[in-house]
Amino acid sequence: MNRHAKNTIEAGRPVIAVNPGGYAMPVVDALAKSGADCLFIDCERTAVSVESVPMMARAAQAHGLSAIVRSYSKEAATLTRYFDCGIDGLVLPQVESAEECARLRAIARAATRGREGTLLLIAQIESVEGHNRLDEIAGAPGIDLILVGPNDLAHSMGFLGDTSRPEVIAAVDDITARLAAKSVPFGLPVTQETAGLWVGRGARFLYTTVEQLLKPALGALRTAAGA
């Protein structure tokens, strides 16, 4: 296992986690050479299957990156399969109670035979109910970090994923401010323009995608080329 991300976060420093958007092995090499800290293997919102996870995780770890999986399911059998792939951490989506956090920790403990402390266990808050129960989730033993999901939170609030709505911005600000006040490590999606701001507010897990990284660079290139 690669504890780089967990050790960095525990030391109070930010890590950059990049979602390659699917099963894209050559992208792993490029991300490592370009300075990423974590490979965010998204099994919830992309077509990455559990069979592909071990290869992606090994490729990341060979370059010194931590391999973090976001599961599509909360079922024990599914989570155990991911842990058996030798990953470095796992994101549990749509967390809405401390009981779910405790279950994640117990599954990780069983799967690793008591070495769950080596993993980065992340609870994702992305619903109104998760927001409402933030305090109990943030205080759940064994959870290393809270990942805020503004897009799904906006859906849960009835805004069809519109993260620019003032109500959604206020909810994200409330969640992150309360986590920072409790000294609970947290993360969320960032851009080049917002990363520094969020680090200043206490964010330690900076999430982005290959598409989000490429779009401004290609846009600038197109402008420079007059195309």
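Quantities reported herein were computed from a predicted structural model and do not represent experimental measurements. (Residues numbered from 1 in each chain as written. Predicted model: local features only at pLDDT ≥ 70, side-chain atom pairs only at ≥ 80, totals over all residues. Heavy atoms only, no water.)

**Points about the overall build of the protein**
Here is step 1 of the chain: Scanning the protein for helices and strands turns up 11 helices and 8 strands.
Here is step 2 of the chain: Scaling as 2.2 N^0.38, a compact globule of 227 residues should have a C-alpha radius of gyration of about 17 Å, and the protein matches this with 17 Å.
Here is step 3 of the chain: For the protein, the C-alpha atoms occupy an extent of roughly 55 × 40 × 30 Å along the three principal directions.
Here is step 4 of the chain: Looking at the protein as a whole, 50% of its 227 residues qualify as buried. (Helix = DSSP H or I, 4+ residues; strand = E, 2+ residues; numbered from the N terminus. Rg over C-alpha atoms; globule rule 2.2 N^0.38 Å. Buried < 20%, exposed > 50% of the residue type's maximum accessible area, 1.4 Å probe, protein only.)

**A look at the sheet that holds strand β8 (residues 203-209)**
Here is step 1 of the chain: The parallel closed barrel is built from 8 strands, whose spatial order is β1-β2-β3-β4-β5-β6-β7-β8. Sheet twist, expressed as the average angle between the axes of neighbouring strands with direction ignored, equals 25 degrees.
Here is step 2 of the chain: Examined bridge by bridge, strand β1 (residues 15-19) and strand β2 (residues 38-42) share 2 bridges and lie parallel to one another. Note on β2: the bridge partner recorded for V18 is L39.
Here is step 3 of the chain: Docked against the sheet, helix α3 (residues 53-62) engages β2 and β3 (66-70), running at close to 170 degrees with respect to β2. (Pairing = 2+ DSSP bridges. Axes fitted to C-alpha atoms, helices over the stretch in contact; angles between N-to-C directions. Contact = heavy atoms within 4.5 Å.)

**Brief notes about the nonpolar core**
Here is step 1 of the chain: Within the largest apolar cluster, 58 residues are counted, with the highest numbers of intra-cluster contacts made by I41, V53, F83, I87 and I146.
Here is step 2 of the chain: Dropping the residues within four chain positions of it, V53 is found in contact with I41, C43, V48, V69, Y82, C85 and I87.
Here is step 3 of the chain: Ranked by size, the runner-up nonpolar core spans 14 residues in total, among them I9, V15, I68 and V91. (Core = buried A, V, L, I, M, F, W, Y, C linked by side-chain atoms within 4.5 Å.)

**A closer look at the layout of surface pockets**
Over the atoms, a rolling probe the size of a water molecule traces out where space has been left empty.
Here is step 1 of the chain: One number sums up the size of the largest pocket: a volume of about 780 Å³.
Here is step 2 of the chain: P150, N151, P189, Y207 and Q212 are the residues nearest the centre of the largest pocket, which is lined by 32 residues in total.
Here is step 3 of the chain: For the lining of the largest pocket, the elements supplying multiple residues, two or more each, are β6 (145-148), α8 (150-156), α9 (166-181), β7 (186-189), β8 and α11 (210-225).
Here is step 4 of the chain: Here the lining of the largest pocket gets 4 residues from one element, more than from any other, and that element is α9.
Here is step 5 of the chain: Split into classes, the residues belonging to the lining of the largest pocket amount to 13 nonpolar, 11 polar and 8 charged.
Here is step 6 of the chain: Considered as a void within the structure, the second largest pocket measures approximately 530 Å³ in volume.
Here is step 7 of the chain: Broken down by secondary-structure element, the contributors of at least two residues to the lining of the second largest pocket are β1, α2 (25-34), β8 and α11.
Here is step 8 of the chain: No other element matches α11, which puts 6 residues into the lining of the second largest pocket.
Here is step 9 of the chain: Residues of the lining of the second largest pocket, tallied by class, amount to 14 nonpolar, 6 polar and 1 charged. (1 Å grid on protein atoms, 1.4 Å probe; cavity = no way out; pocket = protein on both sides within 12 Å on 5 of 7 lines; lining within 4 Å. Points joined across faces, edges and corners; volume = space filled by probe spheres on them. Nonpolar A, V, L, I, M, F, W, Y, C, P; charged D, E, K, R; others polar.)

**Digging into the packing of aromatic side chains**
Here is step 1 of the chain: For the structure shown, the criterion picks out 2 aromatic pairs.
Here is step 2 of the chain: The interplanar angle of 70 degrees and the centroid separation of 4.7 Å between the aromatic rings of F40 and Y207 together place this pair among those described as edge-to-face. Taken together, the positions of F40 in strand β2 and Y207 in strand β8 put the pair 167 residues apart, joining distant regions of the chain.
Here is step 3 of the chain: Overall, F40 belongs to the buried group, its relative accessible area being 0%. (Phe/Tyr/Trp six-rings, centres within 6.5 Å; stacked < 30°, edge-to-face > 60°.)

**Details of the pattern of salt bridges**
Here is step 1 of the chain: As enumerated under the stated definition, the model contains 15 salt bridges in all.
Here is step 2 of the chain: A salt bridge links K74 to E100, with the shortest nitrogen-to-oxygen separation between them at 2.7 Å. Taken together, the residues K74 in the loop between β3 and α4 (76-83) and E100 in helix α5 (residues 98-112) connect sequence positions 26 residues apart.
Here is step 3 of the chain: One salt-bridge network, in which partners are shared between bridges, spans D135, D174, R178 and K182. (Salt bridge = Lys/Arg side-chain N within 4 Å of Asp/Glu carboxyl O.)

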